[in-house]
Amino acid sequence: MKGKFPVDRFQEIETPFYYYDTALLRETLQSINHEAGKHEGFCVHYAIKANANPKVLNIICQAGLGADCVSGGEIQACIEAGFPSRKIVYAGVGKSDWEIRLGLKREIFCFNVESIAELEVINQLAGEMGKTARIAFRINPDVGAHTHAKITTGLAENKFGIAMRDMESVIEQAQAMQHVKFVGLHFHIGSQILNMGDFAALCNRINDLQKQLERKKIVVENINVGGGLGVDYEHPNRVPLPDFKAYFDTYARLLRLRPGQTLHFELGRAVVAQCGSLITRTLYVKQGTAKQFAIVDAGMTDLIRPALYQAYHKIENISSDDAIQTYDVVGPICESSDVFGKSVDLNATRRGDLIAIRSAGAYGEIMASRYNCRKMPLGYITEDL
Ligand SMILES: *Cc1c(COP(=O)(O)O)cnc(C)c1O
């Protein structure tokens, strides 16, 4: 046992693999329920795109969260995990017909609609099936989140959502359609947001939009503010839980809800990032001309975030207590970007040592690929070991 890892048990498992600390996952879910539960009308959904491991999903479902899906496959995975259809919301700029039909058949809580073209298709398919689709419009609030350019979504230049100036007109079009029911407004400004000021800016924007709609006597049943709360990738040991109190309190303080209105959240990363680690074995230690490399058996096919977003993950040698040395930790894939960390301080590392790449529970296992004809990494929870 080193730190929180059952290293002895790990020895029997083929590397690389994902390990999910379910005690931490459950503690995270308790904190979410506790902090959100202080405020009336707050409903938290889990954004399943962050991690769809069935055992992880099951624990999240048991905690009572709803689900936020961005594809038909995700709707299926949520239903299989036990999420009630009435707690499923479905967003995405490009919903295909079978995905819309699946949502209609299952009578999900809400389609978050991103264009008039899509609204027309939903109305038509719902009519054919004798159903009424509950719909919200995803509005692009033009609020910039201070995060990586590839994960901001709420700026005018992004492909997501409907422009604010079109909001009233699309609502009126929806209200004139027979097979859709307009129930809410949806927003999502980006991911890995740690500055509460960004969420505050979204609240102010939503307050303005609600005032504008009120003048037209348009009633909105629910507001969905998306996800985006970040985690501390630098200090997974010291700060294992995101600041859910500050997050929910910001919305409670600044967003003016109307009587009876519910406020929906779609948290992904904040729920699962810290409980997951990618466990990999050191294959070789190679002395370069200017540095030494720890070559491990995991690669960007198992965890793509460092290659895709230049994301930082804390890396630990969980097999060694020897004096610290500095390594570039790299994978075996034939791409120069297949690097988990440069100039990483690790306890002196030898062939066979297990390395933990931390905070990998979100956008890790689910983004794995078979590039280089590699095997997909498996995921284990504490109870499996
Ligand atoms: C990705 C996404 C989320 C979750 O984002 P996190 O940063 O992981 O919390 C929520 N809502 C929508 C619409 C998304 O696309």
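Going by the structure above, here's the rest.
Residues numbered from 1 in each chain as written. Predicted model: local features only at pLDDT ≥ 70, side-chain atom pairs only at ≥ 80, totals over all residues. Heavy atoms only, no water.

Engineer: I'm lost on the pairing of strand S12 (residues 292-296) in this one. Help?
Structural biologist: Across a regular strand the side chains alternate sides, sitting on one face of the sheet and then on the other. Burial analysis of S12 places 4 of its 5 residues in the buried class, which makes it a mostly covered element. Bridging between strand S11 (residues 276-287) and S12 involves 5 bridges; their strand directions are antiparallel. Along S12, the bridge assignment pairs Gln 287 with Gln 292. Where S11 folds back onto S12 in an antiparallel hairpin, the turn is made up of 4 residues. Examined bridge by bridge, S12 and strand S14 (residues 324-330) share 3 bridges and lie parallel to one another. Among the inter-strand pairings, Phe 293 is bridged to a residue of S14, identified as Asp 328. (Buried < 20%, exposed > 50% of the residue type's maximum accessible area, 1.4 Å probe, protein only. Helix = DSSP H or I, 4+ residues; strand = E, 2+ residues; numbered from the N terminus. Pairing = 2+ DSSP bridges.)

Engineer: When you look at helix H2 (residues 22-37) in this model, what are you seeing that I'm missing?
Structural biologist: Here H2 is 16 residues long and its end C-alpha atoms lie 22 Å apart, about the 22 Å a rise of 1.5 Å per residue gives. For H2, every residue scored as buried is listed here: Thr 22, Leu 24, Leu 25, Thr 28, Leu 29, Ser 31, Ile 32, Glu 35 and Ala 36. The inward-facing, buried residues of H2 contact strand S1 (17-20), strand S2 (42-47), helix H3 (54-62), helix H9 (244-254), helix H10 (269-272) and strand S17 (378-381). The N-cap of H2, judged by a side-chain oxygen 3.1 Å from the amide nitrogen of Ala 23 a few residues on, is Asp 21. (Expected span 1.5 Å × (residues − 1). Contact = heavy atoms within 4.5 Å. Polar contact = N/O pair within 3.5 Å; in protein donor to acceptor, adjacent residues only side chain to side chain.)

Engineer: What exactly am I supposed to notice about the packing of aromatic side chains here?
Structural biologist: Note on aromatic pairs: each is described by the distance of the centres and the angle between the planes. All told, the structure shown has 17 aromatic pairs when counted by the stated rule. With centroids separated by 6.3 Å and ring planes inclined at 55°, the aromatic side chains of Phe 42 and Phe 248 adopt a geometry described as tilted. In this pair, Phe 42 sits in strand S2 while Phe 248 sits in helix H9, placing the two residues 206 residues apart along the sequence. Taking the centre distance of 5.2 Å and the plane angle of 80° together, the rings of Tyr 251 and Phe 265 count as edge-to-face. On the criterion of sequence distance, the pair formed by Tyr 251 in helix H9 and Phe 265 in strand S10 (residues 262-267) is long-range, its members being 14 residues apart. By relative accessible area, Phe 265 is classed as buried at 0%. An aromatic cluster is built from Phe 42, Phe 199, Tyr 247, Phe 248, Tyr 251 and Phe 265, whose rings are joined through pairwise contacts. In this structure, Lys 95 is placed above the aromatic ring of Tyr 90, and the distance from its NZ or CZ to the ring centre is 5.3 Å. (Phe/Tyr/Trp six-rings, centres within 6.5 Å; stacked < 30°, edge-to-face > 60°. Lys NZ or Arg CZ within 6 Å of the ring centre and 35° of its normal.)

Engineer: What is the right way to read the packing of helix H7 (residues 167-175) against helix H8 (residues 196-215) from this model?
Structural biologist: The interhelical angle for the contact between H7 and H8, taken along N-to-C directions, is 50°, at an axis separation of 11 Å. Classified by the angle their axes make, H7 and H8 are oblique. The handedness of the crossing between H7 and H8 comes out as right-handed. Where H7 abuts H8, its residues Met 167, Glu 168 and Ile 171 lie against Leu 209, Gln 212 and Leu 213. (Axes fitted to C-alpha atoms, helices over the stretch in contact; angles between N-to-C directions. Parallel < 35°, antiparallel > 145°, perpendicular 65-115°, else oblique. Left-handed = near helix turned anticlockwise from the far one by under 90°.)

Engineer: Would you mind showing me how to read the site of the ligand here?
Structural biologist: Around the ligand sit 14 residues, and of these Lys 49, Ser 191, Glu 266, Arg 269 and Tyr 363 come closest. A distance of 2.9 Å separates an oxygen atom of the ligand from a polar atom in the backbone of Gly 228. Notes on the ligand: free accessible area 390 Å², of which the protein chains cover 94%. Partitioned by chemical class, the residues of the shell around the ligand number 3 nonpolar, 6 polar and 5 charged. (Near = heavy atom within 4 Å. Areas by Shrake-Rupley, 256 points an atom, 1.4 Å probe, with all protein chains shown as cover. Nonpolar A, V, L, I, M, F, W, Y, C, P; charged D, E, K, R; others polar.)

Engineer: Whenever I open this one, the nonpolar core confuses me. Can you help?
Structural biologist: Soluble globular proteins tend to pack their nonpolar side chains together in the buried interior. Counting residues in hydrophobic clusters, the biggest one holds 98 residues, and the most contacted among them are Ile 60, Phe 111, Ile 135, Phe 137, Leu 185, Phe 248 and Tyr 251. Here this core takes 7 residues from H8, the largest share from any one element. Contacts of Leu 185, omitting those with residues within four sequence positions, involve Ala 136, Phe 137, Ile 139, Met 167, Ile 171, Leu 213, Val 220, Asn 222, Ile 223 and Asn 224. (Core = buried A, V, L, I, M, F, W, Y, C linked by side-chain atoms within 4.5 Å.)

Engineer: What am I meant to see in the pairing of strand S16 (residues 354-357) here?
Structural biologist: Here S16 shows no split at all, with Leu 354 and Ala 356 on one side and Ile 355 and Ile 357 on the other all buried. In the sheet, strand S13 (residues 315-317) pairs with S16 via 3 bridges, with the strands oriented antiparallel. In the sheet register, Glu 316 faces S16, and the bridge partner there is Ala 356.

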